[in-house]
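For reference, the chains in residue letters:
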Amino acid sequence: MLVAHGIGGRQDLPIPFTLAVTGAAVTLVVSFAALAVLWRTPVLRGSLAGRPLPAAVQRVADGPVPRRLLQTVGVVATAYVAAAALVGPDSALNPMASVVYVLFWVGLVPASLLFGPVWRALNPLRAVHRGIAGLMGTKPHEGLRPLPDGIGYWPAAAGLAAFAWMELVAPDRTSLGTLRTFFGVYAGAHLLAAAFYGSRWFDKGDGFEVYSSLVGRLAPVGRRADGRVVLRNPLDGLAATPIAPGLVPVVAVLLGSTAYDGMSNAPFWARLTQDGPLPPVLLGTLGLFGMMGVVALTYSAAVAAAGRLGEPDRRPGWRSLPGAFAHSIVPIVVGYAVAHYFSLLVFEGQHAFVLLSDPLGTGADLLGTGGRGVDYSILTPAFIAGTQVVAVVTGHMLGVVAAHDRAVSLFARRDAVRGQLPLLLLMVGYTIGGLLLLFAG
């Protein structure tokens, strides 16, 4: 059974837990006050910002060889794991579950933070779709008809919600049958949609690509609007997040599912699962989607209140604001993901490579890691607990900064600070709630 998240607890913090929570809330309030005084006009330039990297780097980034090489790596790695899923042993010795839930899902965050939208480059479905487009005689980018703007990120939100349910609620989440069914349906649905709408479908329809791309907005290297590869302020990359229908549901799914993971490890939830009147799977489903709904509703309500306070002369404008501020939730998603799962990646990731050395259960040692054990001395419980608090607080602070810059660009100067008060309250509430859930176990 995979570990849910970090092994640090309240007792491992260097300061009392109540002081840590209070300090986190005060830090956000003080940061907001400083921004209100010192940051009165928009600073972030979004897709226009960044210092161009040398021309040689640009040529490599734009060349066909690196793109083909990365896609080949994605296809080969997927085929390697697929072989284990199809013909390997259906037992704890099969690497499929560890690869999916640890190396892929958790590892996608640090990889995207460092290198940008890596899954777009590695996604094996893009390579398969290119072959399908060749057989159909269509251009991969175009498909059979244009992708309607109204679809937006909604398919990505649905795919991520389905994956979260499988990971956190499904009774046989680590069994090969469950994993094969999910990824078989997932791949078939997206390849069918891509054949119809072209490879543009993956940009907003593939939940894993969307997740990687959102996190990759915080990478120090990215592309400007003119296509140049640049070194940039990560908050500039975040400010350039495309706004489209379904963006709010995507961040609500990501944040809500992580919050539910924390809640599901709390003693009160364990008692409710064991002694409550509802079957555990039904209770888990209601809890998971309920938490996603709580995130969506509280965020939308806070933004709506911000719009009414910040735009008193333009009341209809508040309806479009949730998408405009959704990018400010991305650092919070990243902070929660790091807090919940970074120790899982460090420890269970080692175990995954041990299993990957013998994917078919034949006694092979293909990677030379088969005889290794997991080194738990790499991280101490105190370091894990401290990192969890820092990650949560840092994510919320970056969210406050991103929301502030967007507010001073949208609201009248006299109303910008007042309009942000609901968002500040939301951030403080998320911080306190996130820490309580994180250390509930």
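Okay, so let's go over this structure. Only a predicted model underlies this, so the values are computations on that prediction, with no experimental measurement involved.

**A look at the packing of aromatic side chains**
Okay, step 1: With the rule as written, the count across this model stands at 18 aromatic pairs.
Okay, step 2: Consider the rings of F325 and F411, whose centres lie 6.2 Å apart with planes at 40 degrees: the pair is tilted. With F325 in helix α16 (residues 321–325) and F411 in the loop between α18 (381–410) and α19 (413–438), the pair connects residues that are 86 residues apart, well separated along the chain. Here the two residues F325 and F411 agree in accessibility, since each one is buried.

**Considering helix α7 (residues 124–136)**
Okay, step 1: Relative to the 18 Å expected for 13 residues at 1.5 Å per residue, α7 spans 19 Å between its end C-alpha atoms, a close match to the ideal helical length.
Okay, step 2: Those residues of α7 that sit buried are P124, L125, R126, H129 and A133.
Okay, step 3: As for α7, its buried residues are in contact with α3 (64–87), α6 (118–122), α9 (176–197), α10 (200–205) and α11 (207–216).
Okay, step 4: One side-chain oxygen at the N-terminal end of α7 lies 3.0 Å from the backbone nitrogen of L125; it belongs to N123.
Okay, step 5: A positive backbone phi angle near 75 degrees is found at G137, which sits one or two residues after α7.

**Quick look at the packing of helix α13 (residues 247–264) against helix α15 (residues 280–310)**
Okay, step 1: Two elements in contact, α13 and α15, have axes separated by 8 Å at closest approach and are oriented at 130 degrees. Relative to α15, α13 is oriented oblique. The two elements α13 and α15 meet at a crossing, and its hand is right-handed. Facing V248, A252, V253, L255, G256, S257, A259, Y260 and M263 of α13, the residues of α15 in contact are G284, G287, L288, M291, M292, V295, A296, Y299 and S300.
Okay, step 2: Along the lines of polarity and charge, the residues of the contact of α13 with α15 split into 13 nonpolar, five polar and no charged.

**Brief notes about a nonpolar patch on the surface**
Okay, step 1: On the surface, a nonpolar cluster with roughly 300 Å² of combined accessible area is contributed by L86, V87 and L360.
Okay, step 2: Residue L86 is classed as exposed on the basis of its relative accessible area of 62%.

**A short note on the pattern of salt bridges**
Okay, step 1: Applying the stated criterion to the full structure yields five salt bridges.
Okay, step 2: Measuring nitrogen to oxygen at the nearest pair gives 2.8 Å for the salt bridge that ties D62 to R223. Of this pair, D62 sits in helix α2 (residues 55–62) while R223 sits in strand β2 (residues 221–223), and the two are 161 residues apart along the sequence.
Okay, step 3: Classification of D62 as partly exposed rests on a relative accessible area of 36%.
Okay, step 4: Among the residues examined, R223 registers a relative accessible area of 42% and is labelled partly exposed.
Okay, step 5: R224 serves as the salt-bridge partner of D226, at 2.7 Å between the closest nitrogen and oxygen.
Okay, step 6: Classification of R224 as buried rests on a relative accessible area of 19%.
Okay, step 7: Ionic contacts of the salt-bridge type, sharing partners, join the residues R120, R126, D203 and E209 into one network.

**Focus on the nonpolar core**
Okay, step 1: Ranked by size, the top nonpolar core spans 106 residues in total, and within it F208, Y211, V250, Y299, F325 and Y430 carry the most contacts.
Okay, step 2: Residues contacting V250, with those up to four places away along its chain left out, are Y153, A156, A157, L160, V210 and L214.
Okay, step 3: Of all hydrophobic cores here, the second largest spans seven residues; its members include L125, L191, W201 and F202.

Definitions and limits used
Residues numbered from 1 in each chain as written. Predicted model: local features only at pLDDT ≥ 70, side-chain atom pairs only at ≥ 80, totals over all residues. Heavy atoms only, no water. Phe/Tyr/Trp six-rings, centres within 6.5 Å; stacked < 30°, edge-to-face > 60°. Helix = DSSP H or I, 4+ residues; strand = E, 2+ residues; numbered from the N terminus. Buried < 20%, exposed > 50% of the residue type's maximum accessible area, 1.4 Å probe, protein only. Expected span 1.5 Å × (residues − 1). Contact = heavy atoms within 4.5 Å. Polar contact = N/O pair within 3.5 Å; in protein donor to acceptor, adjacent residues only side chain to side chain. Axes fitted to C-alpha atoms, helices over the stretch in contact; angles between N-to-C directions. Parallel < 35°, antiparallel > 145°, perpendicular 65-115°, else oblique. Left-handed = near helix turned anticlockwise from the far one by under 90°. Nonpolar A, V, L, I, M, F, W, Y, C, P; charged D, E, K, R; others polar. Patch = residues over 30% accessible without salt bridge, like charges linked within 9 Å, V, L, I, M, F, W, Y side chains within 5 Å. Areas by Shrake-Rupley, 256 points an atom, 1.4 Å probe, with all protein chains shown as cover. Salt bridge = Lys/Arg side-chain N within 4 Å of Asp/Glu carboxyl O. Core = buried A, V, L, I, M, F, W, Y, C linked by side-chain atoms within 4.5 Å.

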